[in-house]
2 protein chains.
Amino acid sequence: MFKQHPHAAAEIAELTFQLLADCQEKEERLAATLKIHVAEFRCIRAFRGDRSLPVKTLVERTTLSGSRLTRILSSLEKRGYLQRVIDTADRRSITVHLSKKGIDLAQRLEERYIQIHQEILNGIPKDAHATLISGLQNMLSSLRKWLSTSR
Amino acid sequence: MFKQHPHAAAEIAELTFQLLADCQEKEERLAATLKIHVAEFRCIRAFRGDRSLPVKTLVERTTLSGSRLTRILSSLEKRGYLQRVIDTADRRSITVHLSKKGIDLAQRLEERYIQIHQEILNGIPKDAHATLISGLQNMLSSLRKWLSTSR
DNA sequence: CACAATACTTGCTACTAACAATAATTAACA
DNA sequence: TGTTAATTATTGTTAGTAGCAAGTATTGTG
């Protein structure tokens, strides 16, 4: 398990390549069970604790393009997951309110999402959890640094 | 750093959610620098050491649909990265040969890909590398188990 | 030999992504 | 205050992508 890794970068490259593909599959599966698309899944999840958010914030959080988000929101609104309301303070801005149905979806989604990761963790020795988490945290911040520097 | 994680699953869920989004961005950036699309990137990378492979194997390795792969291969072939040759032993089967240009692309791609991960590793303490790698390995096998069992 | 199975391609249709153009509103400031 | 610039979100358009079903060619099987 803890053998030497003379080419750690190659190993990490390979692992993240595989993980990326499989994690995408994982999200598609989850989204499908909730009868939504992956982009909608991300959009709903972007709310986190919040019940309503301006479109602008959603664009930032999801890193979807504005026009893409507009259409995703239109679809979700048509299906009753949310309503869009013009902000009275700044009428250019639109606030998206999750409906009861939307909040319900968000909760089920989050539960399932965490449950999936619990199942994954169950396959990993308990004493390795903490180091895995800090490793992933390290990786995320490093990756973000790379993304921000390389143009 | 190594604080307690009472809700490890939630933490992992959050981290992988973020990592997935950023890793996708990373692959898009890399593909863009090589003037190919992400699906083409995966297709090229699926060759690994091999210089030529049957289409069937590529379908399996990339988990792209047959028709999708056909079109990706057509595009890459038109741009001179590969040739398709009918297998003489089984004329239903088509073997894809990377051209010199294609092998060159595959090499540059792999170099850059590893280099990126080296840069990411540089931002992580060296003594954490081995545990990160084994953690990711654990996660990948666990994830695959989950994917195979859940329907 | 007839029929099923395999390997890949093509046609079609719906979906997605991204850019530019537009509309509505607010900010900046001379 | 009036004009111009900036912001926020949407729509039009166009090109690209995904996926299914049908099609072609070939091989395997009883």
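For the structure, check the block above.
Within each chain, residues carry numbers counting from 1 in the order of the written sequence. Working convention: letters from A go to chains and numbers from 1 go to ligands, in the order in which they are written. Reporting in this predicted model follows two pLDDT cut-offs: at least 70 for local features of residues, and 80 or more for side-chain atom pairs to be given and counted; totals over whole chains, interfaces and linings ignore these cut-offs and use all residues. Side-chain metrics rest on all non-hydrogen atoms present in the structure, leaving aside hydrogens and water.

Trainee: I'd love a proper account of the interface of chain B and chain A, names of residues and values included.
Mentor: Taken residue by residue, the interface counts 58 residues in chain B and 58 residues in chain A. Buried area: the accessible surface (1.4 Å probe) lost by two parts on joining, summed over both. Together, the buried faces of chain B and chain A total about 6300 Å²; carbon and sulfur atoms form 70% of this surface. Per-residue buried area on chain B facing chain A is highest for B:Phe17, B:Leu20 and B:Trp146; these three make up 11% of the total on that side. Every case where a carboxyl oxygen of Asp or Glu lies within 4 Å of a side-chain nitrogen of Lys or Arg is listed as a salt bridge. Taken together, chain B and chain A are joined by six salt bridges. For A:Arg45, the salt bridge is made with B:Glu14, and the minimal N-O distance between the two is 3.0 Å. By definition, residues are in contact when any of their heavy atoms lie within 4.5 Å.

Trainee: So, the sheet that holds strand 2 (residues 82-86) of chain B: which residues are in play, and what are the values?
Mentor: All names here are of chain B. By this definition, two strands are paired if DSSP reports at least two bridges between them. To qualify as a helix, a DSSP run of H or I must reach at least 4 residues; to qualify as a strand, a run of E must reach at least 2; elements of each kind are numbered from the N terminus. The three strands are arranged 1-3-2 in an open sheet whose pairing can be described as antiparallel. Where the open sheet ends on each side, the last strands, each with one partner, are strand 1 (52-54) and strand 2. For this sheet the average axis-to-axis angle between neighbouring strands, irrespective of direction, equals 25 degrees. Between N-to-C directions, angles cover 0 to 180 degrees, with each direction set by a line fitted to C-alpha atoms, over the stretch in contact for helices. Helix 3 (residues 55-62) rests against strand 1 and strand 3 (94-98) of the sheet, and its axis sits at about 85 degrees to strand 1. Sitting on the sheet, helix 4 (residues 66-78) touches strand 2 and strand 3, and the angle it makes with strand 2 is about 120 degrees.

Trainee: Account for the pairing of strand 3 of chain B, with residues named and values stated.
Mentor: Residue and element names in this part refer to chain B. As judged from the three bridges shared by strand 1 and strand 3, these two strands associate in the antiparallel manner. Bridge assignment links Ser 52 to a residue of strand 3, and that residue is His 97. As judged from the five bridges shared by strand 2 and strand 3, these two strands associate in the antiparallel manner. Looking across to strand 3, one finds that Ile 86 is bridged to Ile 94.

Trainee: Give me the relation of the copies chain B and chain A: which residues, what numbers.
Mentor: Alignment of copies: least-squares fit on C-alpha atoms of residues with pLDDT of at least 70 in both copies. Take chain B, turn it by 180 degrees, move it 0.0 Å along the axis, and it overlays chain A with an RMSD of 0.0 Å. Given the turn and translation reported, the copies of this chain are related as if by a two-fold rotation axis. Here 100% of the contact residues of chain B are again contact residues in chain A; the copies associate through an equivalent surface.

Trainee: Tell me about the protein's contact with DNA strand D, and name the residues and values.
Mentor: Around DNA strand D, 18 residues are found, and the nearest of them are A:Arg71, A:Arg84, B:His37, B:Arg68 and B:Arg92. Throughout, near means a residue has at least one heavy atom within 4 Å of the molecule or strand. When atoms of DNA strand D within 4 Å of the protein are sorted by moiety, sugar and phosphate together comprise 66%. Any pair of N or O atoms that falls within 3.5 Å is considered a polar contact. Within protein, one atom must be able to donate a hydrogen and the other to accept it, and sequence-neighbouring residues count only if both atoms are side-chain atoms. Within the backbone of A:Ile94, an N or O atom sits 3.1 Å from a phosphate oxygen of DNA strand D. Elements with a contribution of two residues or more to the surface near DNA strand D: helix 3 (55-62) and helix 4 (66-78) of chain A together with helix 4 of chain B.

Trainee: Describe the protein's contact with DNA strand C, naming the residues involved and giving the relevant values.
Mentor: Around DNA strand C, the structure places 18 residues, and the nearest of them are A:Arg68, A:Arg92, B:Lys56, B:Thr70 and B:Arg71. In the interface set of DNA strand C, defined as its atoms within 4 Å of the protein, sugar plus phosphate atoms amount to 65%. At a separation of 2.9 Å, a phosphate oxygen of DNA strand C approaches a polar side-chain atom of B:Arg84. Breaking the surface near DNA strand C down by element, the ones donating at least two residues are helix 4 of chain A together with helix 3 and helix 4 of chain B.

Trainee: Help me get a handle on the nonpolar core, residues and values and all.
Mentor: The definition of a nonpolar core used throughout is a set of buried Ala, Val, Leu, Ile, Met, Phe, Trp, Tyr and Cys residues joined through side-chain atoms within 4.5 Å. Throughout, exposure labels follow a simple rule: accessible area from a 1.4 Å probe, protein chains only, divided by the maximum for the residue type, with under 20% read as buried, over 50% as exposed, and the rest as partly exposed. Counting 90 residues, the largest nonpolar core has A:Phe41, A:Leu58, A:Leu73, A:Leu136, B:Phe41, B:Leu58 and B:Leu136 as its most contacted members. Among all residues touching A:Phe41, those that are not within four sequence positions of it are A:Glu27, A:Leu30, A:Ala31, A:Ile36, A:Leu109, A:Tyr113 and B:Phe17.

Trainee: An account of the packing of aromatic side chains is requested, with residue identities and associated values reported.
Mentor: Stacked, tilted and edge-to-face are the three classes assigned to paired rings of Phe, Tyr and Trp, where Trp is represented by its six-membered ring and a pair needs centres within 6.5 Å; plane angles under 30 degrees give stacked, over 60 edge-to-face, the rest tilted. Taken as a whole, this structure holds six aromatic pairs over all chains when the rule is applied. A centroid spacing of 6.1 Å and a plane angle of 90 degrees characterise the contact between A:Phe17 and B:Tyr113, whose relative ring orientation is edge-to-face. On the criterion of chain membership, the pair formed by A:Phe17 in helix 1 (residues 8-33) and B:Tyr113 in helix 5 (residues 100-122) is interchain, its members lying in two chains. For A:Phe17, a relative accessible area of 10% puts it in the buried group. Overall, B:Tyr113 belongs to the buried group, its relative accessible area being 1%. Taken together, the aromatic side chains of A:Phe17, B:Phe41 and B:Tyr113 make up a single cluster linked through ring pairs.

Trainee: Lay out the sheet that holds strand 2 (residues 82-86) of chain A in plain terms, naming residues and giving numbers.
Mentor: All names here are of chain A. Taken in spatial order, the three strands of this open sheet run 1-3-2, and their pairing is antiparallel. Of all strands in the sheet, those with a lone pairing partner are strand 1 (52-54) and strand 2, marking the two edges. Put simply, the sheet's adjacent strands are angled 25 degrees from each other on average, direction ignored. Lying on the sheet, helix 4 is in contact with strand 2 and strand 3 (94-98); it crosses strand 2 at an angle near 120 degrees.

Trainee: For the environment of A:Thr62, give the residues involved together with the corresponding values.
Mentor: Residue and element names in this part refer to chain A. Considering the arrangement of structural elements, one finds Thr 62 in helix 3. Measuring from C-alpha to C-alpha, the distance between Thr 62 and Ala 13 comes to 25 Å, with 49 residues separating the pair along the chain. Among residues more than four places away in sequence, those in contact with Thr 62 are Arg 42, Cys 43, Ala 46 and Leu 69. Of the polar contacts made by the side chain of Thr 62, one reaches the backbone oxygen of Leu 58; its length is 2.7 Å.

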